[in-house]
Amino acid sequence: MLLTYFTRKQELPELPLKPPGSRGKRSSAPYRFGIYCAKTYLWKTNRITTCSQFESSRYQEEFVTDMAATRQKEADGNGSASAALTAQQIRKFKQDGYLIIRNMLPHAALQPLIGELEQKVDNAIHEAVRQRQLDAADTFAAAPFANRLALASDACKDRRWLWQTFFSRGKPISAGMFALRTTPALLDATEALIGPEILAHPQFALRPKMPDLDLLDIPWHQDLAYLIPAEAGETLVVNFWIPLVAATAQNGCMQVIPGSHLKGLLEHDILIKTKGHRGSKGIPDAALPTGDFVTCEVDAGDVLLTMERMVHRSIPNRSNTVRWSVDTRYSRIGLPTGRSRVPGFVARSRKHPARIARSHLDWIQNLADAGLDRWGQALPN
Ligand SMILES: O=C(O)CCC(=O)C(=O)O
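Residues numbered from 1 in each chain as written. Predicted model: local features only at pLDDT ≥ 70, side-chain atom pairs only at ≥ 80, totals over all residues.

1. Let's talk about the overall build of the protein
Helix and strand counts for the protein stand at 12 helices and 12 strands. Counting the 381 residues in the protein, one finds 36% classified as buried. Long-range contacts, defined here as pairs at least 24 residues apart, represent 76% of the contacts in the protein between residues at least 6 apart. (Helix = DSSP H or I, 4+ residues; strand = E, 2+ residues; numbered from the N terminus. Buried ≥ 20, exposed ≤ 12 C-beta atoms within 10 Å, placed from the backbone. Contact = placed C-beta atoms within 7 Å.)

2. Describing the pairing of strand 9 (residues 303-307)
By the criterion of burial, strand 9 is predominantly enclosed, with five of the five residues buried. Where burial is concerned, the two faces of strand 9 agree: the one with Val303, Leu305 and Met307 and the one with Leu304 and Thr306 are both buried. Bridge count between strand 1 (residues 98-101) and strand 9: four bridges; the pairing is antiparallel. Note on strand 9: the bridge partner recorded for Leu99 is Leu305. In the sheet, strand 4 (residues 238-243) pairs with strand 9 via four bridges, with the strands oriented antiparallel. (Pairing = 2+ DSSP bridges.)

3. Thoughts on the site of the ligand
If you check the shell around the ligand, you find Arg207, Lys209, Ile218, Asp223, Asn239, Trp241, His312, Ser314, Ser325 and Asp327 and nothing else. Within the shell around the ligand, the residues separate by chemical class into two nonpolar, four polar and four charged. (Near = placed C-beta within 6 Å. Nonpolar A, V, L, I, M, F, W, Y, C, P; charged D, E, K, R; others polar.)

4. Brief notes about the sheet that holds strand 10 (residues 312-314)
The strand order across the open sheet formed by four strands is 3-10-5-8, and the pairing between neighbours is antiparallel. Of all strands in the sheet, those with a lone pairing partner are strand 3 (218-221) and strand 8 (294-296), marking the two edges. Looking at each pair of strands side by side, their axes are set apart by 20° on average, direction ignored. Pairing between strand 3 and strand 10: two bridges, direction antiparallel. The residue bridging Ile218 from the neighbouring strand is Ser314, located in strand 10. (Axes fitted to C-alpha atoms, helices over the stretch in contact; angles between N-to-C directions.)

5. Comments concerning the sheet that holds strand 1
Picture the strands of a sheet paired through backbone hydrogen bonds; they go either parallel or antiparallel. Taken together, six strands build an open sheet; the order of strands is 1-9-4-11-2-12 and the sheet is antiparallel. The open sheet has two free edges, formed respectively by strand 1 and strand 12 (345-348), since each of these has just one partner strand. Here the strands of the sheet are splayed against their neighbours by 30° on average, with no regard to which way each runs. In terms of strand pairing, strand 2 (residues 198-209) meets strand 12 through three bridges, oriented antiparallel. The residue bridging Ala200 from the neighbouring strand is Phe345, located in strand 12.

6. Overview of the packing of helix 6 (residues 107-130) against helix 7 (residues 145-155)
It is the contact of helix 6 with helix 7, at a shortest axis distance of 11 Å, that shows an interaxial angle of 20°. With respect to helix 7, the axis of helix 6 lies roughly parallel. By crossing handedness, the relation of helix 6 to helix 7 is classed as left-handed. When helix 6 is examined against helix 7, the residues Ile114, Glu118, Val121, Ile125 and Ala128 are found in contact with a partner set consisting of Phe145, Arg148, Leu149 and Ala152. In terms of residue class, the contact of helix 6 with helix 7 is built from seven nonpolar, no polar and two charged. (Parallel < 35°, antiparallel > 145°, perpendicular 65-115°, else oblique. Left-handed = near helix turned anticlockwise from the far one by under 90°.)

7. Observations concerning the nonpolar core
In this structure, Leu162, Val303, Leu304, Leu305 and Ala347 are the most contacted members of the largest nonpolar core, which totals 70 residues. Looking at this core element by element, the count peaks at seven residues for helix 6. Apart from the residues lying within four places of it in its own chain, the contact partners of Leu305 are Phe93, Tyr98, Leu99, Ile101, Val238 and Phe240. (Core = buried A, V, L, I, M, F, W, Y, C linked by C-beta atoms within 7 Å.)

8. Structural notes on the confidence of the model for the protein
With 77% of its residues at a pLDDT of 70 or more, the protein has an overall mean of 84. The low-confidence segment residues 1-26, where pLDDT is below 50, has 29 contacts with residues more than four positions distant or belonging to other chains. The model gives residues 56-82 a pLDDT under 50, and that stretch makes 41 contacts with residues more than four places away or in other chains. (pLDDT = per-residue confidence, 0-100.)

9. Considerations on helix 6
Across its 24 residues, helix 6 extends 34 Å between first and last C-alpha, which sits within 8% of the 34 Å expected from 1.5 Å per residue. Within the span of helix 6, buried status applies to Leu110, Leu113, Leu117, Val121, Ala124, Ile125 and Ala128. A positive phi of about 60° marks Arg132, the residue just after helix 6. (Expected span 1.5 Å × (residues − 1).)

10. Things to note about the environment of Arg159
Following the sequence through the fold, Arg159 ends up in the loop between helix 7 and helix 8 (161-167). Separated by 26 residues in sequence, Arg159 and Gln133 place their C-alpha atoms 9.2 Å apart. Not counting residues up to four positions away in its chain, the partners in contact with Arg159 are Ser153 and Asp154.

11. Considerations on unusual backbone geometry
Within the chain, Arg132 stands out as a residue other than glycine whose phi angle is a positive 60°. One can find Arg132 in the loop between helix 6 and helix 7. We classify Arg132 as exposed; it has 9 C-beta atoms within 10 Å.

12. A few points about the environment of Glu127
With respect to the secondary-structure elements, Glu127 resides in helix 6. Here the alpha-carbon distance between Glu127 and Leu162, two residues 35 residues apart in the chain, equals 9.1 Å.

Below you can see the structure in the form of structure tokens.
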């Protein structure tokens with residue numbers, strides 16, 4: 001087990017060519033252990049076949065250089081510190097600006113959040129009955145997650161009431177949301193793109209996309225237009241769009257324009273405003289990059305990965321189910337997020353492990369320290 005641990009290249013310890021102050025003295029146990037790790041690594045990577053070959057300084061030097069190069073690559077964000085994404089996937093992501101990864105998330109990654117949402121839907125429906133929006137016979141208690149909110153909404157006097165009252169604020173901070181946003185599979189893939197110092201970016205959303213509720217259709221846009229581009233224009237922000245139920249062309253999945261992330265920040269002068277909604281910014285047709293779009297149908301467990309300049313939209317939900325999804329973004333710690341007033345949380349850090357958020361409570365505390373409540377609104381003085 002130890003052998004496996006230490007033969008993973010990025011986890012090998014720093015190895016000085018000679019232990020400090022070792023001349024003429026017996027070398028220390030950690031140093032001897034470091035040598036052992038180095039030998040094992042070089043043997044595993046077929047650079048030595050016998051221990052005596054290691055004694056030549058060339059191999060020792062090569063090992064140290066290799067380690068330094070790996071660390072530099074990680075620091076530059078070019079290195080794949082994990083095998084979460086293949087080199088081909090990384091190339092495709094950089095070239096097209098998006099990537100669909102099938103079966104990336106285990107059920108266990110989604111279930112805590114889905115469980116919370118099922119409970120919230122149940123509570124909301126009982127409140128609708130209490131407030132005489134809904135007949136007590138129409139609670140659809142046995143309906144599946146994707147259907148229940150839609151069925152109950154249709155049975156309400158005002159079909160928008162449930163959504164408007166309980167689900168229109170799109171940034172719930174909860175244990176389930178924290179668990180999903182810190183799922184190792186997501187962080188490993190992020191690490192492969194931006195290195196191991198990972199901030200869970202302040203821009204994230206839970207989206208219960210209701211049938212035929214047009215204000216939930218998001219026009220063609222680039223995420224950067226929703227940030228402060230002058231601040232965050234140089235920051236690579238990776239967005240995982242995560243369906244909690246199957247997302248299809250019928251229930252309003254995402255569409256992307258491959259390669260559009262290379263066009264720079266486009267004008268966003270459409271503002272689709274509906275009563276009670278702040279409005280969605282969009283790119284006018286005339287300014288859209290040419291090229292075909294791709295309709296990204298994805299199942300629960302799959303993810304759609306995009307970057308901050310990727311032109312994408314979500315199409316209308318013409319089904320009779322709710323298209324539940326989460327979009328969660330990550331950027332490198334220390335780089336501007338474009339939402340400087342709202343903090344995120346440290347999701348992974350090798351340099352500062354003590355700063356990693358341990359639960360959603362740490363995330364809420366970060367907001368409180370910035371004078372914000374858990375919805376990102378200013379706290380009263
Ligand atoms: O989920 C949607 O409907 C829109 C999501 C979106 O535009 C995004 O993640 O940037």
